[in-house]
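# Examining the three-dimensional arrangement
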Amino acid sequence: MIAKAKLLEAIAGKNRGLLTTESDKQAILSVIAQVEDQNPNSRPLQVPNKLDGNWRLLYTTSQDLLRIDQLPLFKLGQIYQYVRAREAKIYNIAEVYGVPYLEGLVSVAARFEAVSDRRVQVKFERSILGLQRLIDYQSPVHFIEAIEAGQKFAAIDFNITNRDQQGWLDITYLDDDLRIGRGNEGSVFVLTKN
């Protein structure tokens, strides 16, 4: 698919959106629209086996995520989203690097509910902010297993009960290894399956 190759080329070297100019953003959004027009799964929530899995963020316009990189002495590392479609669960994990031995982690666990063939309503349930060493962070998979086992962490670990902590996401493109989503705040997300 030519449009998909063009998209991957356009976002290469943009550090998930941290290194984009305004003209870069416009060009990337144009290519994203071309890829979305060729979506092989126009009803992505009807193919949970493709949606399910471990995804790594390639590009976003989400200022909430990109702002993490502006913390003094810290840099944004990899960002992962683990989707458990059958259980209607999502885990977002952002690794943060900087000062040696103070590598951090920002994570949110959520549940989702399908409201159409491509839109999910997301309700955030738990947030974990802490140092990777103190929470024994080894990998995203290991960390999610600990969350699912009900483990509490030596971190800022709290349940989110505010009804305002929710949003929606449209899955606008889904194939075997690429997913594009558009969120309620106007953000775009491009992810690849790990």
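Remember, predicted model here, so these are calculated numbers, not experimental data. Per chain, residues are indexed from 1 in the order of the written sequence. Reporting in this predicted model follows two pLDDT cut-offs: at least 70 for local features of residues, and 80 or more for side-chain atom pairs to be given and counted; totals over whole chains, interfaces and linings ignore these cut-offs and use all residues. Values shown for side chains rest on all heavy atoms present in the structure; no hydrogens or waters enter the calculation.

Helix and strand counts for the protein come out as five helices and nine strands. Numbering of helices and strands runs from the N terminus, with a helix taken as a DSSP run of H or I at least four residues long and a strand as a DSSP run of E at least two residues long. Starting at the N terminus and walking to the C terminus, you meet the elements of the protein as α-α-α-β-α-β-β-β-β-α-β-β-β-β. C-alpha atoms define the radius of gyration, and 2.2 Å times the number of residues to the power 0.38 defines the globule rule. Relative to the 2.2 N^0.38 estimate, which gives 16 Å for 194 residues, the radius of gyration of the protein is 17 Å and therefore close to what a compact globule would have. Oriented by its inertia axes, the alpha-carbon framework of the protein measures out at about 45 × 35 × 30 Å. Each of the 194 residues in the protein was classed as buried or not, and the buried ones make up 46%. By definition in these notes, contact holds between two residues if any of their heavy atoms fall within 4.5 Å. Taking the contacts inside the protein whose residues are at least 6 apart along the sequence as the reference set, 61% of them involve residues at least 24 apart. Method for areas: the Shrake-Rupley scheme with a 1.4 Å probe, in which residue coverage is limited to the protein chains shown. In the structure as shown, the protein presents an accessible area of about 10,100 Å², 50% of it carried by carbon and sulfur atoms. Both charge centroids of the protein, one from 24 positive and one from 24 negative side chains, sit 1 Å from each other. When accessible area is computed with a 1.4 Å probe and restricted to protein chains, residues below 20% of their type maximum are described as buried, those above 50% as exposed, and intermediate ones as partly exposed. Counted as positive: Lys and Arg. Counted as negative: Asp and Glu, with His and the chain ends omitted from the count. For the purpose of locating charges, the reference atoms are NZ of Lys, CZ of Arg, CG of Asp and CD of Glu.

What follows covers unusual backbone geometry. In the Ramachandran plot, Ala88 falls in the positive-phi region, its phi being about 55° despite a non-glycine side chain. By the secondary structure assignment, Ala88 is in the loop between β2 (74–84) and β3 (89–98). A positive phi angle, near 75°, is found at Tyr101, a position not held by glycine. Counting through the fold element by element, Tyr101 comes out in the loop between β3 and β4 (104–114).

The span one expects for a helix is its residue count, reduced by one, times 1.5 Å. Taking 1.5 Å per residue as the helical rise, helix α2 (residues 22–36) with its 15 residues ought to reach 21 Å, and the 21 Å between its terminal C-alpha atoms agrees with that figure. All of the buried residues in α2 are Asp24, Ile28, Val31, Ile32, Val35 and Glu36. Along α2, the residues classed as buried sweep out an arc of 140° about the axis, all on the same side. Away from the buried face of α2 by more than 90 degrees, exposed residues Glu22 and Ser23 are located. Turning to α2, the residues buried within the fold contact α1 (2–11), β1 (53–60), β7 (166–174), β8 (178–183) and β9 (188–193). This arc is built from the directions going out from the helix axis to the C-beta atoms.

Now for the packing of aromatic side chains. Think of it this way: a Phe, Tyr or Trp ring, Trp meaning its six-membered ring, pairs with another when their centres are within 6.5 Å, and the plane angle makes it stacked under 30 degrees, edge-to-face over 60, tilted otherwise. Applying the stated rule across the entire model yields three aromatic pairs. Both rings, one in Tyr137 and one in Phe143, keep their centres 5.8 Å apart while their planes meet at 70°; by these two values the pair is edge-to-face. Judged by its relative accessible area of 2%, Phe143 is buried. Look at Phe143 and Phe153: their rings are 5.1 Å apart centre to centre, the planes differ by 40°, and that puts the pair in the tilted class. Taken together, the residues Phe143 in helix α5 (residues 140–148) and Phe153 in the loop between α5 and β6 (156–159) connect sequence positions ten residues apart. Note on accessibility: Phe143 and Phe153 belong to one class, buried. One aromatic cluster is present, built from ring pairs that chain together Tyr137, Phe143 and Phe153.

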